[in-house]
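Topology and contacts: notes
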Amino acid sequence: MAERTFSEIKFLMEMEALFFGSNMNSYFTFEEIHKNRTLTKAYYPREVYELVNDKTVAPPKKEPDEIRVVSADIATMSGSENDASAFTVARLIRTNSGYDRHIIYSEALEGAHTSIQANRIRQLYDDFNCDYIVLDTFNSGIGVYDRLTEHTTDPQRGTEYTPLSCMNDDRLAQRCVFPNAPKVVYSVRASGQLNSEIASNFKDSLRRGIIKLPVIEDEAKDILDGIKGYNSLPPELKVNFRLPYIQTTLMANEILNLEFEVSDSGNIKLKEVGGARKDRYSSVSYLNYFASELEVKNR
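Rules used throughout
- What you see as residue numbers is a count from 1 along each chain, following the sequence as written.
- Residue-level local features of this predicted model are given only where pLDDT is at least 70; pairs of side-chain atoms are given and counted only at 80 or more, and the full residue set underlies all totals for whole chains, interfaces and linings.
- Note that the side-chain values use all heavy atoms of the structure and ignore hydrogens as well as water.
- A carboxyl oxygen of Asp or Glu within 4 Å of a side-chain nitrogen of Lys or Arg is what we treat as a salt bridge.
- The way it works is that DSSP assigns letters per residue, a run of H or I at least four long becomes a helix, a run of E at least two long becomes a strand, and they are numbered from the N terminus.
- Working definition: with a 1.4 Å probe on protein chains only, accessible area under 20% of the residue-type maximum means buried, over 50% means exposed, and in between means partly exposed.
- To define a nonpolar core, start from buried Ala, Val, Leu, Ile, Met, Phe, Trp, Tyr and Cys residues and group those joined through side-chain atoms within 4.5 Å.
- We call two residues contacting when some pair of their heavy atoms lies within 4.5 Å.
- Two rings from Phe, Tyr or Trp (for Trp, the six-membered ring) form a pair when their centres are within 6.5 Å of each other. A pair whose planes differ by under 30 degrees is stacked, one over 60 is edge-to-face, and the rest are tilted.
- Paired strands, as defined in this entry, are two strands with at least two bridges between them according to DSSP.
- Interaxial angle, 0 to 180 degrees, is taken between N-to-C directions of lines fitted to C-alpha atoms, where a helix line uses only the stretch in contact.
- Multiply 1.5 Å by the residue count of a helix minus one, and that product is the helix's expected span.
- The reported bend at a residue is simply the angle between two axes, fitted to the 7 residues ending at it and to the 7 residues beginning with it.

Considering the pattern of salt bridges
Scanning the model with the defined rule gives 21 salt bridges in all. Among the salt bridges present, the one from K62 reaches D131, with a minimum N-O distance of 2.8 Å. One end of the pair, K62, is in the loop between α3 (46-49) and β2 (67-73); the other, D131, is in the loop between α4 (114-127) and β5 (132-136), and 69 residues separate them in sequence. Judged by its relative accessible area of 28%, K62 is partly exposed. For D131, a relative accessible area of 26% gives the class partly exposed. Among the ionic pairs, E295 bridges to R101, the shortest N-O distance being 2.8 Å. Placement of the pair is E295 in helix α10 (residues 279-298) and R101 in strand β4 (residues 99-109), with a sequence separation of 194 residues. By relative accessible area, which is 10% here, E295 ends up buried.

Laid out in structure tokens, this is it:
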């Protein structure tokens, strides 16, 4: 495990006989994911890039017409049989036909209180200078949304956060008692039809190559070694810089292990196999769906 070429996923496959990858019932294919893992550089939230003396790992200045989004799929229970909350940050880079989605950071959080999750969303929103928040507001997600609509203070940073409101659901917007709060939260309340649209839209975006994902961990090692101060960090801090690449691999395997069926109404239904999860898939696919909505709006 101390070797330079160590891969956690390969170790699980070879030594623990865990299956990773698609099967004949999978909706997504390995090729659709792998061909899009082209981003060599990941960026990090403040507490990570402050560990080293290298400004290149801090989120860069926005390009003209660039939009940034943080997406969150929410869960509040922890454990192998429960979902974890997943957070994804993307740069939407304008092209002649719409937006390329550059996934520059992702993380997961298990069993956290809604106030902790809302606080983490605000940290990522500020650190990456985001313009929008895509939020799963179904079930426990509504508690996170309510927290975002209030004046709060970050207990870790001492930062005061002002209220935010919903941009696409009037009923949720009315839950915010501050009428001048910026409407930057895009609510996702998944139904059978919406889930089907999100899945097909995500598959289409993968095939078109407009979703850009971080490279695999083996390729990232040389990139990380080039960060000033990285090699002098203890192992428990180095893992923070590997996180976006590891999370992308975990997300890829979640996606590849999703099986599908078509309902009588023609909707696509994705389901986890065994004890697998799909929280990372949900987060990135919600973000991709929102990017498609922006393409139509801003065309």
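There is more to say, and it comes next.
Some points on the nonpolar core
Core analysis: the largest hydrophobic core is formed by 75 residues, its most contacted members being F28, Y44, I121, L135, F241 and Y281. By residue number, the principal contributor to this core is α10, which donates eight residues. Ignoring sequence-local partners within four residues, the contact set of Y281 consists of F28, I198, A199, F202, M251, E254, I255, L258 and L270.

Points about the packing of aromatic side chains
Tallied over the full model, the rule gives eleven aromatic pairs. Summarising the aromatic geometry, the rings of Y27 and F28 are spaced 4.9 Å apart at their centres and angled 80 degrees between planes, so their arrangement reads as edge-to-face. Taking relative accessible area as the criterion, Y27 reaches 12% and is therefore assigned buried. A relative accessible area of 1% means that F28 is categorised as buried. Where F28 meets F202, the ring centres are 5.6 Å apart and the plane angle is 75 degrees; that geometry is what we call edge-to-face. Separated by 174 residues along the polypeptide, F28 in the loop between α1 (8-15) and α2 (30-34) and F202 in helix α7 (residues 192-208) bring together distant segments of the chain. Judged by relative accessible area, which is 2%, F202 ranks as buried.

Structural notes on the sheet that holds β5
Across a sheet, paired strands are connected by hydrogen bonds in the backbone, their directions being either parallel or antiparallel. With respect to topology, eight strands assemble into an open sheet ordered β1-β10-β4-β3-β2-β5-β9-β8, the strand pairing being mixed. With one partner strand each, in any of the chains shown, β1 (37-39) and β8 (165-166) form the two edges of the open sheet. Taken strand by strand, helix α5 (residues 141-148) contacts β5, β8 and β9 (183-188), and its axis lies near 150 degrees from that of β5.

Regarding helix α9 (residues 235-256)
For α9, built from 22 residues, the straight-helix expectation of 32 Å at 1.5 Å per residue is met to within 8% by its first-to-last C-alpha distance of 30 Å. Approximately 55 degrees is the largest bend angle found in α9, and it occurs at R242, with the proline P244 only one to four residues beyond.

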